[in-house]
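# An overview of the molecular structure
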Amino acid sequence: MTQAEKEQDNGKEKEKEREKEKEKEQQRGVKRPIAPPVIQEPLHEQIQSNFVVVIHPGSRTLRIGRATDTLPVTVPHVIARRHKQSGQPRCEDAWLLRDGLNKPESNEQRQHGLKMVDQAIWSKKMSNGIRRTPVSAEQARAYNCQIRPAVLDSSTRVRWTNTAHHPPHLVGDEAIYVNPTDCYNIHWPVVRGQLNVHAGPGGSLTAVLADLETIWSHIIQKQLDIPIKDLKYYRCILLVPDICNREHIKELVNMLLLNMGFSAIIVHQESVSATFGSGLSSACVVDVGDQKTSICCVEDGVSHRNSRLCLAYGGSDVTRTFYWLLQRAGFPYRDCQLSSRLDCQLLQHLKETLCHLDQDISGLQDHEFQTRFPEAPTLLYQVRLGDEKLQAPMGLFYPTTFGIVGQKMTSLQCRSQGDSEDPYDEHYLLSTQSKQDQSSKSAADRKAIPRPGGGLDGDMSGQGGIGDLSDLPRGCSSGGGTKGEVELGTAQGECLIGTGEVEEPLSAHLSRKTAIISQFESRALGLDKAILHSIDCCASDETKRKMYSSILVVGGGLMFSGAQEFLLHRIINKMPPSFRRLVDNVEVITRPKDMDPWLISWKGGAVLACLDTTQEMWIHQREWQRFGVRMLRERAAFVW
C-alpha cells in the first residue's frame, strides 16, 4: 500500500469518528448555540413608480395616489358605519369641538388672549407707517343684527347621501352628508396626527385600524381603480408624523402588508418628505395642519431628533375661534352650531375665504356668503366684519385665544417604551452601553487615588443613564453637574428649578424630571416661539444659520393672505440678537415651486419612490412576516 493510499484511509477513519461523536452528542442532548436569523440585504431591482402608492393620512384629509400622479386624490378622512342593530344610540366624533373648552377658566383665558392679540395688532404699523385704527365689534353687530337672508333657489341641489340600499359603510363626502336621522355612526380615525383611540364606541385600536383599512381600501378601489387583489403587485409609501406612537405605526404597517396585501412598504417622516417635495436640502419644516402643528429641523434628509416639537392646535382651532368672533359680531346665520357637520364645513369655508394676516386691511368691510343645505332653500347672507378676520388666525401666535384649559398642548420627542417583539431595541443598546461604561469605570476606580472625603476621582455623578435629564427641554436641566445633552439641546442654565450639588435618590430625581417635562408640555407656545425654540435646539451655530435661512411652511392651516410676511416679521423681531449678526437672510417659504402647501409632503413621498437610494429602505412582506418590527429599526430612514 502506497503512502497516499494510507493517508486517504486515515482521513476516512477520522471522518467516521467525527460522525460517531456527533451521534453520541445528539443522544446525550448536547445543545449547540443557535445563531439569530440574519436580515438579508435588500435586492436591488428596478421599481416602476406607477406601481407605488403614496399614502399621507391627515386628521381631516386623506391624500393618496400613485407616485406618478400629478395630484393625489384628496378626500375627507371620515367613515360612517351603519348600526348592526336597530335602536342603538347614535355616536358621532366631534369636528371642531374638543376637550378643555368648557372649563370655568376657558372664557377668561379666551378674553385674555384676545387682549394680547389686539395689543399686537395695534403695536405693528401698517406699510404706510400709520397704526391701525381698532374696530369695535359693536359697530359690526349693529349692522349684522338687522340682516335677513335672501332666498336664491327654493329647490337646492344638495342632497343627503342615499342610504336606501343600507350600505354597511360610507366614506369621505358621502359620510359627511349622511342624514343625522339615519342609523350611522360617524368616526374620524385620526385626531391631532395620532390614531383616534378613546374609551367611547368605535374607539378601540382594533376598531380604528378597521376604519382606516376600510377607508383606504375604498379609495384605492374606487378612485385609483386598483382592485384589492392586485395590491400584491404594488408597493406603498406611508408618511407618518415626526412624533408618533410606535405601536400604532407597527400596527399600520401590519395592516398594509398583511391585511391589504401590499408587496413592500417604506415608512418615512412628513418633515423629511416635505424637504424632498420642495427641493430643499435643509429647512426648518413647520407643518400647520388642521388639528396639530409639528416643527422639526431637517438637514440633508435627516430629521434632528432634538428639534422635534408638536403643538396640539391647528386650523380647526382657528375656525372655532372665528366662529366665536362671528357670534360676538352678530353673525346673521343664527342657527349655526359647532355640533353640526355641515355648519362646520361652512365655517371652514368662511375662514379660508375671509381670514387673513395682512395688517394693511383695516376697517369694516361687507361680505356675502351662501348656505346650501339638504332639504332647505339656498340662502344669501350679507355680513359686515372688521378685525375679526385678522384676530382669528393670530390665535396661532397667541394660543390662549383658543380657550383650551387643562390639556397637554406641547409634545416632545420621548424615548421608546420598548416592544416585546424587538428585544434588541434602543433600551437594550443603552443598558449594554451602561454596563460597559460601568465596567470600564470600575476598572479605572481601582487605579484611582482616594480623595480626602473618601470618594474616588471617577465617581458616577456625571454618568448618564436611566436617571439622567436627557428627556428635558432646553433650559430645563438640573444644574447639578449633568454634562450630557438634554433632549432639546444643551443646557444653558435657564432652569425651572433651583440648582444644587446635593445628591438625591433616583426616585426623587425621576419625579422631579417628570414634573419639569409636565410643566413645559402644559404651556401653549405660540407658533413663532415654537419655531425659535426648535431652531435653538440644533447642535451647531452653522445648522441654526441654515434653519433661519430656510423656514418651510407646509400644511393647510396657515394658508392666509399675508402669512409669509407676518411670520417673517415676528421671527426677525424675536430671534436672538447674537444670530441677527450671523444670519445673512431670514427666509420664510410658503409656496415652493408654486405648489400648494398641503400638497408638498405627499409630493415628497412621490419623489422618494423615484430615488435609487430608497432601494435599501423597502420592507417586503415576507421580511415583515419573519422579523416583524425589527425591520423598521433596520430599514427606516430615521431612528426607530
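### Quick notes on the overall build of the protein
When its secondary structure is counted, the protein shows 19 helices and 21 strands. Here the protein, with 640 residues, has 49% of them falling under the buried criterion. Sequence separation of 24 or more characterises 71% of the internal contacts of the protein that already satisfy a separation of 6 or more. For the protein, the exposed surface amounts to about 32100 Å²; the carbon and sulfur share of it is 49%.

### Brief notes about the sheet that holds strand β4 (residues 79-82)
Pairing is antiparallel in the open sheet, where three strands are placed in the order β6-β4-β7. Every interior strand has two partners, whereas the edge strands, β6 (169-171) and β7 (184-187), have only one. Shown here is a sheet whose adjacent strand axes are inclined to one another by a mean of 20°, direction ignored. By the bridge criterion, four bridges tie β4 to β7 in an arrangement that is antiparallel.

### Quick look at helix α15 (residues 563-574)
Compared with the 16 Å implied by 1.5 Å per residue over 12 residues, the 17 Å span of α15 between its first and last C-alpha is a close match. Among all positions of α15, only A563, F566, L567, R570 and I571 are buried. Down the axis of α15, the buried set is contained in an arc of 125°. They therefore lie on one face. Buried residues belonging to α15 abut α2 (106-123), α13 (527-536), α14 (541-548), β19 (551-554) and β20 (588-589).

### Some details on the nonpolar core
Counting 83 residues, the largest nonpolar core has C284, V286, L357, M394, L527, I531 and L558 as the members making the most contacts within it. Not counting residues within four places of it along the chain, the set of residues in contact with V286 comprises S294, I295, L527, I531, I551, L552, V553 and V554. The next biggest cluster of nonpolar side chains, apart from the first, holds 43 residues, and it includes V75, I219, L238 and M631.

### Quick word on the side chain of D211
The topology assignment puts D211 in helix α5 (residues 205-222). Of the residues examined, D211 reaches a relative accessible area of 3% and is grouped as buried. Not counting residues up to four positions away in its chain, the partners in contact with D211 are I79, R81, H187 and P189.

### Overview of the packing of helix α8 (residues 315-328) against helix α9 (residues 341-354)
Direction vectors running N to C along α8 and α9 enclose 90°, while the axes themselves pass 9 Å from each other. The angle between α8 and α9 places the two elements in the roughly perpendicular class. For the pair formed by α8 and α9, the contact residues are G315, V318, T319, F322, Y323 and L326 on the first element and L347, Q348, L350, K351 and L354 on the second. Within the contact of α8 with α9, the residues separate by chemical class into seven nonpolar, three polar and one charged.

### A word on the environment of E299
With respect to the helices, strands and loops of the structure, E299 is situated in strand β13 (residues 293-299). Overall, the relative accessible area of 16% leaves E299 in the buried class. Residues E299 and V272 lie 27 residues apart in sequence; the distance between their C-alpha atoms is 8.7 Å. Leave out the neighbours within four places in its chain, and E299 touches S281, S282, H304, T543, K546 and M547. A polar atom in the side chain of E299 sits 3.5 Å from the side chain of T543. Here K546 takes part through its side chain, which lies 3.0 Å from a polar atom of the side chain of E299.

### Here we look at the packing of aromatic side chains
One pass over the structure, following the stated rule, counts 10 aromatic pairs. Relative to Y333, the ring of F331 has its centre 6.3 Å away and its plane inclined at 70°; by these criteria the two rings are edge-to-face. When sorted by exposure, F331 lands in the same class as Y333, which is buried. In this structure, R110 is placed above the aromatic ring of W324, and the distance from its NZ or CZ to the ring centre is 5.2 Å.

### What about the pattern of salt bridges?
Considering all chains together, one arrives at 20 salt bridges under this definition. Of the charged contacts in the structure, one is a salt bridge between E92 and R341, with a shortest N-O distance of 3.0 Å. Here the residue E92 occupies a position in the loop between β4 and α2, and R341 occupies one in helix α9, the gap between them amounting to 249 residues. A salt bridge links E270 to K292; the nearest nitrogen and oxygen atoms lie 3.3 Å apart. A residue pair is termed long-range when its members are at least 10 positions apart, and E270 in helix α7 (residues 270-278) and K292 in the loop between β12 (282-288) and β13 qualify at 22 residues.

### Observations regarding the sheet that holds strand β1 (residues 52-57)
As summarised here, the arrangement of the six strands in space is β3-β2-β1-β10-β11-β21, forming an open sheet in which the pairing is mixed. Sheet topology places β3 (73-76) and β21 (619-620) at the edges, where each strand pairs with a single neighbour. Lying on the sheet, α5 is in contact with β1, β2 (61-66), β3 and β10 (235-240); it crosses β2 at an angle near 45°. Against the sheet, α7 makes contact with β1, β10 and β11 (264-269), and its axis sits at roughly 90° relative to β11, the strand it touches most.

### Remarks on the packing of α7 against helix α17 (residues 600-610)
Their axes nearest at 6 Å, the elements α7 and α17 cross at an angle of 80°. For the element pair α7 / α17, the angle class is roughly perpendicular. Contacts from E270, S273, A274, F276, G277 and S278 in α7 reach I600, S601, K603, G604, G605, V607 and L608 in α17. A per-class count over the contact of α7 with α17 returns five nonpolar, six polar and two charged.

### Here we look at α5
In a regular helix each residue adds 1.5 Å, so 18 residues correspond to 26 Å; α5 covers 26 Å between its end C-alpha atoms and thus fits that length. Where α5 is concerned, the buried positions are V208, L209, D211, L212, T214, I215, W216, S217, I219 and I220.

### Section: the state of the cysteines
Inspection of the entire model under this criterion finds zero disulfides. Its sulfur unpaired, C537 is 7.5 Å from the next cysteine sulfur, which belongs to C538.

### A word on a nonpolar patch on the surface
Where nonpolar side chains cluster on the molecular surface, the patch consists of Y424, Y428 and L429 and spans about 320 Å² of accessible area. Inspection of the secondary structure puts Y424 in the loop between β18 (410-412) and α11 (426-447).

### Details of the confidence of the model for the protein
Residues of the protein with pLDDT of at least 70 account for 81%, and the chain-wide mean is 84. Here residues 30-35 scores under 50 on pLDDT; set against residues more than four positions off or in separate chains, the count is two contacts. For the stretch residues 449-471, pLDDT sits under 50, and the model shows 41 contacts to residues farther than four places along the chain or on other chains.

Reading the values: the criteria
Here the residue numbers are simple positions, counted from 1 along each chain's written sequence. Owing to the predicted nature of the model, reporting of local features is limited to residues with pLDDT of at least 70; listing and counting of side-chain atom pairs is limited to 80 or more, with chain, interface and lining totals taken over all residues. Hydrogens and waters are ignored; side-chain quantities use all the structure's heavy atoms. A run of DSSP states H or I qualifies as a helix once it reaches four residues; a run of E qualifies as a strand once it reaches two. Both are numbered from the N-terminal end. Burial here depends on accessible area, computed with a 1.4 Å probe over protein chains only, as a share of the maximum for the residue type. Under 20% is buried, over 50% is exposed, and the range in between is partly exposed. For this analysis, residues touch if any pair of their heavy atoms sits within 4.5 Å. Here the Shrake-Rupley method, with its probe set to 1.4 Å, supplies the accessible areas, and only the displayed protein chains count as covering residues. In this description, strands pair whenever DSSP reports at least two bridges between them. For helices, the axis comes from a line fit to the C-alpha atoms of the stretch in contact; other axes are also lines fit to C-alpha atoms, and the angle between any two N-to-C directions lies between 0 and 180 degrees. By this rule, a helix spans an expected 1.5 Å times one less than how many residues it contains. Relevant arc is that of directions from the helix axis to the C-beta atoms, nothing else. In these notes, a set of buried Ala, Val, Leu, Ile, Met, Phe, Trp, Tyr and Cys residues joined through side-chain atoms within 4.5 Å is what counts as a nonpolar core. Between 65 and 115 degrees an angle is taken as roughly perpendicular, under 35 as roughly parallel, over 145 as roughly antiparallel, and anywhere else as oblique. Throughout, the ten residues Ala, Val, Leu, Ile, Met, Phe, Trp, Tyr, Cys and Pro are labelled nonpolar, Asp, Glu, Lys and Arg are labelled charged, and all others, Gly among them, are labelled polar. Each polar contact in these results corresponds to two N or O atoms within 3.5 Å; when the atoms are within protein, one needs to be able to donate a hydrogen and the other to accept it, and residues that are neighboring in sequence are counted only if both atoms are side-chain atoms. Planes of paired rings set the category: under 30 degrees apart is stacked, over 60 is edge-to-face and the rest tilted, where pairs are Phe, Tyr or Trp rings (Trp by its six-membered ring) whose centres lie within 6.5 Å. Note on geometry: a ring has a charge over it if NZ (lysine) or CZ (arginine) is within 6 Å of the ring centre and within 35 degrees of the ring normal. Salt-bridge detection follows one rule: a side-chain nitrogen of Lys or Arg within 4 Å of a carboxyl oxygen of Asp or Glu. Disulfides are defined as cysteine sulfur pairs within 2.5 Å. What goes into a patch is any residue over 30% in relative accessible area without a salt bridge, connected to like charges within 9 Å or, for nonpolar side chains (Val, Leu, Ile, Met, Phe, Trp, Tyr), within 5 Å. pLDDT measures the predictor's confidence residue by residue and takes values from 0 up to 100.

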